[in-house]
Each structure stands twice: as C-alpha cells, then as structure tokens.
Amino acid sequence: MIVMARALQYLYVEKHPDICGGRAVIKGTRIPIWIIFRRYRSGQSPEEIQTAYPHLSLSQIHEALAYAFDHLDEMQADIEANTEAQWRTRLNDSSSPSS
C-alpha cells in the first residue's frame, strides 16, 4: 500500500514576508502563532488565551495550536528568537543614535 503525504491547510494561519518577519501569524492579525503556543505551554487554556485576545475566536486559537504542534521545531525556534533579552537588545539598538 502506498501512502501519500498530504499538505495540511490552515484557514486561520498565514505567513507573509511583510508581516512579523515572515513568521506564522493568525490570519488578518499580527499575532504570531508562537505567542499563542507559548501561553498554552505555560498552562493557559484556549479560553484563558481568548481572554487575553478577545478579538480571536476559539477556532482561531485551536487552529493556531494545531499548527504549532504540527510545526514544533519552527515554534521552538521562534520562541528562542523572541526571548525578552533579545527584545531588549532590539529596543536598545533601535533607540541608539546613528553615527
């Protein structure tokens, strides 16, 4: 028996080079999937995440989590690339006067 791999399609997830550096986001927003996933991994339920982002539907949140679990390496890389220390460095670099 031959099993064909099928590409998954996500209704609420998109990647665009001009949005959040090309990272996966919830379609129509600038909310990266890694943020939703990080909140979930820290113990928040989808309903609690929705409280923080009331403009998102539970369907969007659940699909963001499905995408995250289907792309664990990508999520881990995004989380590591967006640590608080790295954001502070970026803010310091952007506030430094140019020579």
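Coordinates for the structure precede this section.
Because the structure is predicted, anything quoted here is derived from the model rather than measured. (Residues numbered from 1 in each chain as written. Predicted model: local features only at pLDDT ≥ 70, side-chain atom pairs only at ≥ 80, totals over all residues. Heavy atoms only, no water.)

Asks: How should I be thinking about the nonpolar core in this particular structure?
Replies: Soluble globular proteins tend to bury their nonpolar side chains together. Within the largest apolar cluster, 20 residues are counted, with the highest numbers of intra-cluster contacts made by Ile26, Ile33, Ile36, Tyr53, Leu56, Tyr67 and Met75. Secondary structure elements with two or more residues in this core: helix 1 (33-41), helix 3 (58-70) and helix 4 (72-81). Setting aside anything within four residues of it in sequence, one finds Met75 in contact with Ile33, Trp34, Phe37, Tyr67 and Ala68. (Core = buried A, V, L, I, M, F, W, Y, C linked by side-chain atoms within 4.5 Å. Buried < 20%, exposed > 50% of the residue type's maximum accessible area, 1.4 Å probe, protein only. Helix = DSSP H or I, 4+ residues; strand = E, 2+ residues; numbered from the N terminus. Contact = heavy atoms within 4.5 Å.)

Asks: Mind showing me how you'd approach the packing of aromatic side chains here?
Replies: One pass over the full model with this rule turns up three aromatic pairs. Ring plane angle 75° and centroid distance 5.0 Å describe the contact between Tyr10 and Tyr67, whose orientation is recorded as edge-to-face. Here Tyr10 is found in the segment before strand 1 (13-14), whereas its partner Tyr67 is found in helix 3, with 57 residues between them in sequence. Here Phe37 and Phe69 contribute two aromatic rings whose centre-to-centre distance is 5.2 Å and whose plane-to-plane angle is 90°, an arrangement assigned as edge-to-face. Taken as a pair, Phe37 in helix 1 and Phe69 in helix 3 lie far apart in primary sequence, 32 residues in all. For Phe69, a relative accessible area of 43% puts it in the partly exposed group. (Phe/Tyr/Trp six-rings, centres within 6.5 Å; stacked < 30°, edge-to-face > 60°.)

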